[in-house]
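# Structural characterization, general
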Amino acid sequence: MKPIRIALTKGRLEKDTVALFETMGFDCTALHNKGRRLILPIPDANIEVVLAKAADVITYIEHGVCDVGVVGKDTIMEYGGSFFEVADLGFGACRFALAGKKGDDFYAGYAEKTIATKYPNVTRQFFEKKNMDVNIVKIEGSVELAPLLGLADAIVDIVETGSTLRENGLEVFEEVAPISARVIVNTVSMKLDQQTIETLIGNMERARKGEEVR
Ligand SMILES: Nc1ncnc2c1ncn2[C@@H]1O[C@H](COP(=O)(O)OP(=O)(O)OP(=O)(O)O)[C@@H](O)[C@H]1O
Ligand SMILES: O=P(O)(O)OC[C@H]1O[C@H](OP(=O)(O)OP(=O)(O)O)[C@H](O)[C@@H]1O
């Protein structure tokens, strides 16, 4: 039987996902000793784990070259796509927030505001719901710099502990959306390998809750 391919977001979500697999009794030796290898087997479970950047996880699932993906809700909200979102794993918890310089009244005045973000689609949708026209500037990292340098009135970014905002004299103006790691599944794989995939996801959810896996 061909292995089930799981695309796993490398970086922050990787450790928690591997820990979850170990709770499920999977042998994650290859994932611990990966070196520069990008496709790693979990032999006893007939699974291959593909390590990829967050947005690429969605691309691989949409194109059907991977069956199951673990990706943040932030990436799903920004890139969208055609796949099933089947489970919330709870870890990788953080949130999208609108933030800016401490004490600023963001909604004061009528001038169009400039918002810096790594997530232009999330930002556009957030302000569209408010019927507010904003100028969005795409930034690739350390988005918090933009209001400090005078490039933007505010940012839409991920806030986890709040330290980055606090240590740079910024504060949350408004919550945008909660974020956590989600399991996504290719629509064709879900039909062809329904039983295997449903068992796998059921076991991931049970392991997450500390229940016995089947
Ligand atoms: N403090 C945080 N900052 C960013 N992402 C976080 C944070 N806490 C949890 N996450 C979750 O972890 C996922 C992966 O984050 P990671 O930092 O590994 O990648 P990234 O910052 O999106 O990409 P890269 O650093 O490769 O450009 C995010 O998509 C999000 O769902
Ligand atoms: O609330 P905190 O716990 O401080 O976490 C939030 C910070 O973490 C993320 O940045 P990351 O470390 O991914 O770096 P980047 O800005 O270069 O993407 C995010 O973009 C914030 O800057």
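Attention here is on the structure that accompanies the text. Each chain carries its own residue numbering, running from 1 in the direction its sequence is written. Here the convention is simple: chains get letters from A, ligands get numbers from 1, in the order in which they are written. Per-residue local features are limited, in this predicted model, to residues with pLDDT of at least 70; the limit for side-chain atom pairs, both in listing and counting, is 80 or more; totals at the level of whole chains, interfaces and linings are taken over all residues. Hydrogens and waters are ignored; side-chain quantities use all the structure's heavy atoms.

### Description of the layout of surface pockets
Quick note on the threshold: For cavity detection a 1 Å grid was placed over the protein atoms alone, and a set of points counts as a cavity when a 1.4 Å probe fits there but cannot get out; an open set counts as a pocket when protein lies on both sides within 12 Å along at least five of seven lines, with lining residues being those that have an atom within 4 Å of a point. Grid points are joined across faces, edges and corners, and a volume is the space filled by probe spheres set on the points. Numbering of helices and strands runs from the N terminus, with a helix taken as a DSSP run of H or I at least four residues long and a strand as a DSSP run of E at least two residues long. Residue polarity follows a fixed list, in which Ala, Val, Leu, Ile, Met, Phe, Trp, Tyr, Cys and Pro are nonpolar, Asp, Glu, Lys and Arg are charged, and the others, Gly among them, are polar.
In this model, the largest pocket occupies a volume close to 1100 Å³. What lines the largest pocket is a set of 36 residues, and nearest its centre among them are Arg12, Asp74, Lys118, Tyr119 and Ile158. For the lining of the largest pocket, the secondary structure elements donating two or more residues are helix H1 (12–23), helix H3 (54–62), helix H4 (73–79), strand S9 (154–159) and helix H7 (163–166). Looking at side-chain class alone, the lining of the largest pocket contains twelve nonpolar, twelve polar and twelve charged residues. The computed volume of the second largest pocket comes to approximately 180 Å³. Contributing to the lining of the second largest pocket are 13 residues, with Phe26, Ala45, Ile47, Thr196 and Leu200 lying nearest its centre. In terms of residue count, the dominant contributor to the lining of the second largest pocket is helix H9 (residues 194–208) (four residues).

### Considering the environment of Gly169
Stated formally: Residue exposure (1.4 Å probe, protein chains only): buried if accessible area is under 20% of the type maximum, exposed if over 50%, otherwise partly exposed. Every residue pair with non-hydrogen atoms within 4.5 Å of one another is taken to be in contact.
Checked against the element boundaries, Gly169 lands in the loop between H7 and strand S10 (170–179). Classification of Gly169 as partly exposed rests on a relative accessible area of 37%. Through-space distance from the C-alpha of Gly169 to that of Asp16 is 31 Å; in sequence the pair is 153 residues apart. When neighbours within four sequence positions are excluded, Gly169 is seen to be in contact with Gly100, Lys101 and Lys102.

### Some words on a positive patch on the surface
Counted only if it meets this: Each patch groups residues whose relative accessible area exceeds 30% and which form no salt bridge, using 9 Å between like charges and 5 Å between nonpolar side chains of Val, Leu, Ile, Met, Phe, Trp and Tyr. Note that accessible areas follow from Shrake-Rupley with a 1.4 Å probe, and for residues the cover is restricted to the protein chains shown. Basic side-chain nitrogens of Lys or Arg form a salt bridge, by our definition, when they fall within 4 Å of a carboxyl oxygen of Asp or Glu. The charge count treats Lys and Arg as positive and Asp and Glu as negative. His and the chain ends do not count. Here the site of a charge means atom NZ of a Lys, CZ of an Arg, CG of an Asp or CD of a Glu.
On the surface, a cluster of positive charge is made up of Lys10, Arg12, Arg36, Lys53 and Lys118. Along the polypeptide, Lys10 turns up in the loop between strand S1 (4–9) and H1.

### Observations concerning the site of ligand 2
Under the convention used in this document: If even one non-hydrogen atom of a residue comes within 4 Å of a molecule or strand, that residue is called near it. Side-chain atoms alone can form a polar contact between residues adjacent in sequence; in general such a contact is a pair of N or O atoms within 3.5 Å, and within protein one must be able to donate a hydrogen while the other accepts it. Placement in a cavity or pocket follows one criterion, namely that more than half of the molecule's atoms lie within 2 Å of its grid points.
Close contacts around ligand 2 come from 13 residues, with Glu144, Glu160, Thr161, Gly162 and Thr164 the closest. In the model, an oxygen atom of ligand 2 is placed 2.7 Å from a nitrogen or oxygen of the Glu160 main chain. In the environment of ligand 2, an oxygen atom lies 2.4 Å from a nitrogen or oxygen atom belonging to the side chain of Thr164. Most atoms of ligand 2, that is more than half of them, are within 2 Å of grid points of the largest pocket. The element best represented in the shell around ligand 2 is S9, accounting for three residues. Among the residues making up the shell around ligand 2, the classes are represented as two nonpolar, six polar and five charged.

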